[in-house]
Amino acid sequence: MFAIVLLSMLLAPSPAAAAPLAGWLVTAAFGSAFAGSAIGGVITGALSLGISIGASYLVSSLFGQKQAPTQQEIKTTLRRSIGARQHYYGRWLIGGHMAAAETNNGSLHQIIALGAHKFHALVSWRLDSRDVTLDGSGWVTSDPYPASTVKLEWRLGEASQAAYAEMVATFPGIWTADHRGDGVAHCYLLTNGVDNEEFHDVYPNVIAQPAGVFETAEIYDPRSGTTGYRENYALYARDYFTKADGLQIDAAYVDDADFSTAADDSDGLVTIKGGGVINRYHGAFNHSAEEEPRDVISRLITHCDGRPVLKSNGKIGFSVGVWREPTVVLTDAHIINYEFSDSGGPLRDSNEIRLKYTVPTGAWPTVEADPWRIEDEISEYGVVRTKSIEAYGVQHHNLARRLMKIAAHRGAPRWRGTVSADLVGLRAWDERWIRLQLADLDIDETFEIEDIAFNLDDRTLQITIASFSGAAYEFDPEAEEGTAPSVPDDTPEPTLTAPAGFAAVGGVVDLGGGIMQPTIYATWTYPSPRKGVYLQLQYALTGTTNWQAGPTVPVTATSAQITGVADGGVYDVRARWAGVASSPWATVTGIVVTAYADPPPTPTAFSGAVDEETGEVTLKWRTPNSNLFRSSRVYRGTLTSFESATDISGALYGAPNTNETYDDSTTSGTKRYWVVAENGSGKASDPAGPVLVTIP
């Protein structure tokens, strides 16, 4: 029992003093052979770093812990020469650290480390803040990604996993089948080149940034004796205490009965505003292997009002914020002396609590919960004293508000101070709450133990306590949950509306000398809507998707013309805003492009004669005297109507006002011939003819 008494020294507020004492206390508790062993050294260090947090660091964990990694940092792909090993619990949107990047033939290949351990499962992918879907081979199939442009593969961190075949094939000798990244969750991102006009839409950040929603760590649950995916803060604590990148405490020195109770408490259901239930202390948590254990534990217990403790059985226990009426009562008979102060009212540590948490949808934004305010005190004293909590693993407004209420109670105890107790006080050693009865101060209420230490000189216990009651955990969701902050939807893609009033028609440009150039005229209502945005024009033959870039358009323009189109062609034209932001396309289809709208005059002096010996027919005519003329075309038929005749010559190009001839060899019988003149757009004149010829 004396060894257990000595272990209370670990709760002394001075870390420097705790370190050398730890070895002595472990020796007293477990024997010198154990203390000199490897596991004894691990336990000694762990106790010095971690267990003392359970009491003396409890308040500071809620009011002033080291800043936690933000969700923005977690979901962004970071580019560092060496990234810290990252550990995750629960469900997270993770961007990771770039581990390798190589280019080949205009394509960028990236390997991104996501976590330093095995993940349970992938939920979904986002790319440059957009939700994306993949086909069975990993190719992104969502808009605005063209087919076979972006590919994502991933490994969850199995003990043995395959290298990425694309990397091995593309970079032989550099990347081999041995580059597997066993035990590490990572992904492979291939980004191929795209047309210039598509680049901003496809790659708005130039280098694509993937982020995946994952169910992360698989952890041990002592209740079932199984390992699997959990979202339970008590089980997170147990895992951190025992794992290699945590406190490295042998599981034999963990009180699994305590952790099982805490896990059950965390799984307990609480009602939320508007109906429905959630688990009491479920959420997510993450830490870096570079963080000090004290900081990690401080942040972890913030999420669940947790408390680690060294039990009287020499094992590490843990509890979460669930009220249990104290079983230990200290009365005047056991109190040697005491010192108390009033910390309520104007002496309250804070009268407004703010908490930042994560909304696990869309872009997983970090938001601030509806503040917890002591309005009557703010009104009475005219001062707002704010305390801020960073709990980015909290993923529901109900939990955020419950934690703020607990913090508000803890920050304004009616009594706070120290009592000196005789050895009966040892019964409070591994308790979280006690009842204190002091007749002099008319005190008969419950207190929370903030610190406990044993005085070797007089064999008394110094217990630092503060008023605390089950009211801190009573929660009416309809009255106390408040209003969750509104979270805007993801920024819509694109962010601008299509160009207003967009229209396009076919036309001509007069180049002089009777030469007309076919063109398409496009107009829209307003110039560029903002700096860095311009109008992008494209055109394609109707029925095809081979879009060609139109002219560069000044930002102040509201019209443009597209040249280089074929006379007589039918085109589709589209326009959108592009640049630092983009809009949907506005499209006009079926535009007929004609350079010459008017047909030329009809040919004159049309005649025909038959060579009696050969049966060959010679046709003669004079082309019209007009700049509209470009070619002649001869038709032949057996009926009297021109519409039934057949083109036999094709386009016969010539000059205006000249004599033309055409020889035709055909079968015997009566034939009728016509000739037309055409302009540069293929528009034909009325026919000349028919000329009736009988072939022997």
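Residues numbered from 1 in each chain as written. Predicted model: local features only at pLDDT ≥ 70, side-chain atom pairs only at ≥ 80, totals over all residues. Heavy atoms only, no water.

1. Concerning the sheet that holds strand β32 (residues 570-579)
1) Next: Overall, antiparallel pairing links the four strands, which are arranged β30-β29-β32-β33 in an open sheet. Single-partner strands in this sheet number two, and they are β30 (548-549) and β33 (586-592).
2) Next: Across nine bridges, strand β29 (residues 533-541) lies against β32 in antiparallel orientation. Each bridged residue has a counterpart across the sheet, and for L537 the counterpart in β32 is A575. (Pairing = 2+ DSSP bridges. Helix = DSSP H or I, 4+ residues; strand = E, 2+ residues; numbered from the N terminus.)

2. Focus on the environment of N232
1) Next: Relative to the elements of secondary structure, N232 occurs in the loop between β11 (226-229) and α10 (233-242).
2) Next: It is 9.5 Å that separates the C-alpha atoms of N232 and D265, two residues lying 33 residues apart in sequence.
3) Next: With near-sequence residues (within four places) excluded, N232 lies in contact with R223, A263, S266, D267, Y281 and H282.
4) Next: Polar side-chain contacts of N232 include one of 2.9 Å to the side chain of D267. (Contact = heavy atoms within 4.5 Å. Polar contact = N/O pair within 3.5 Å; in protein donor to acceptor, adjacent residues only side chain to side chain.)

3. Some remarks on unusual backbone geometry
1) Next: In this model, D143 is joined to P144 through a cis peptide bond whose omega is 5 degrees.
2) Next: Along the chain, the position of P144 falls in the loop between β6 (130-132) and β7 (150-155).
3) Next: The omega torsion of the bond from G689 to P690 falls at 10 degrees, within 30 degrees of zero and hence cis.
4) Next: Note that P690 resides in strand β41 (residues 688-695).
5) Next: Phi is positive for V206, close to 70 degrees, though the residue is something other than glycine.

4. Regarding the pairing of strand β9 (residues 210-215)
Remember that side chains alternate between the two faces of the sheet whenever the strand is regular.
1) Next: The buried count for β9 comes to six of six residues, which makes it a mostly enclosed element.
2) Next: Neither face of β9 is exposed, since P210, G212 and F214 on one face and A211, V213 and E215 on the opposite face are all buried.
3) Next: Sheet analysis places strand β2 (residues 91-94) next to β9, joined by four bridges and oriented antiparallel. Paired with I94 across the two strands is G212, which belongs to β9.
4) Next: Relative to β9, strand β5 (residues 121-127) runs antiparallel, the two being bridged by six bridges. Each residue of the ladder has a partner; that of L122, found in β9, is F214. (Buried < 20%, exposed > 50% of the residue type's maximum accessible area, 1.4 Å probe, protein only.)

5. Overview of the confidence of the model for the protein chain
1) Next: Overall, the prediction assigns the protein chain a mean pLDDT of 85, with 86% of residues at 70 or greater.
2) Next: Ranking the elements of the protein chain by mean pLDDT puts helix α1 (residues 2-7) last with 27 and strand β10 (residues 218-221) first with 98.
3) Next: Note that residues 1-65 has pLDDT below 50 and, in this model, 126 contacts with residues that lie over four places away or in other chains. (pLDDT = per-residue confidence, 0-100.)

6. Description of the side chain of R402
1) Next: Inspection of the secondary structure assignment puts R402 in helix α14 (residues 397-410).
2) Next: There is no salt bridge for the buried R402, and the closest opposite charge comes from E481, which lies 7.1 Å off by N-O distance. (Lys, Arg positive; Asp, Glu negative; His and termini not counted. Salt bridge = Lys/Arg side-chain N within 4 Å of Asp/Glu carboxyl O.)

7. Digging into the packing of aromatic side chains
1) Next: All chains considered together, the criterion is met by 24 aromatic pairs.
2) Next: Taking the centre distance of 4.8 Å and the plane angle of 25 degrees together, the rings of Y89 and Y236 count as stacked. Highlighted residues: Y89 in strand β1 (residues 86-89) and Y236 in helix α10, separated in sequence by 147 residues.
3) Next: Note on Y89: relative accessible area 2%, which makes it buried.
4) Next: Taking NZ or CZ as reference, R414 lies 4.2 Å from the ring centre of W415, over its face.
5) Next: Here the guanidinium or amino end of R574 rests over the ring plane of W585, the centre of that ring lying 4.0 Å away. (Phe/Tyr/Trp six-rings, centres within 6.5 Å; stacked < 30°, edge-to-face > 60°. Lys NZ or Arg CZ within 6 Å of the ring centre and 35° of its normal.)

8. Section: the sheet that holds strand β8 (residues 185-191)
Neighbouring strands of a sheet are bound in pairs by backbone hydrogen bonds; such pairs are parallel or else antiparallel.
1) Next: Ordered in space as β3-β4-β8-β7, the four strands form an open sheet in which the pairing is antiparallel. For this open sheet the edge positions go to β3 (97-104) and β7, each flanked by a neighbour on one side alone. In this sheet, adjacent strand axes meet at a mean angle of 15 degrees when their direction is disregarded. (Axes fitted to C-alpha atoms, helices over the stretch in contact; angles between N-to-C directions.)

9. Re the pattern of salt bridges
1) Next: By the definition in use, this model includes 36 salt bridges.
2) Next: Where R324 meets D265, a salt bridge forms, and the shortest distance between an N and an O atom there is 2.9 Å. Of this pair, R324 sits in the loop between β16 (316-319) and β17 (329-330) while D265 sits in helix α11 (residues 256-267); the two residues are 59 residues apart in sequence, bridging distant segments of the chain.
3) Next: With a relative accessible area of 41%, R324 lands in the partly exposed category.
4) Next: Between D305 and R410 there is a salt bridge, with its nearest N and O atoms 2.9 Å apart. With D305 in the loop between α12 (293-302) and β15 (307-310) and R410 in helix α14, this pair connects stretches of sequence that are 105 residues apart.
5) Next: The class of D305 is buried, set by a relative accessible area of 3%.
6) Next: With relative accessibility at 2%, the residue R410 sits in the buried group.
7) Next: Each of D221, R223, R230, D264 and D267 takes part in salt bridges that share partners, so that together they form one network.

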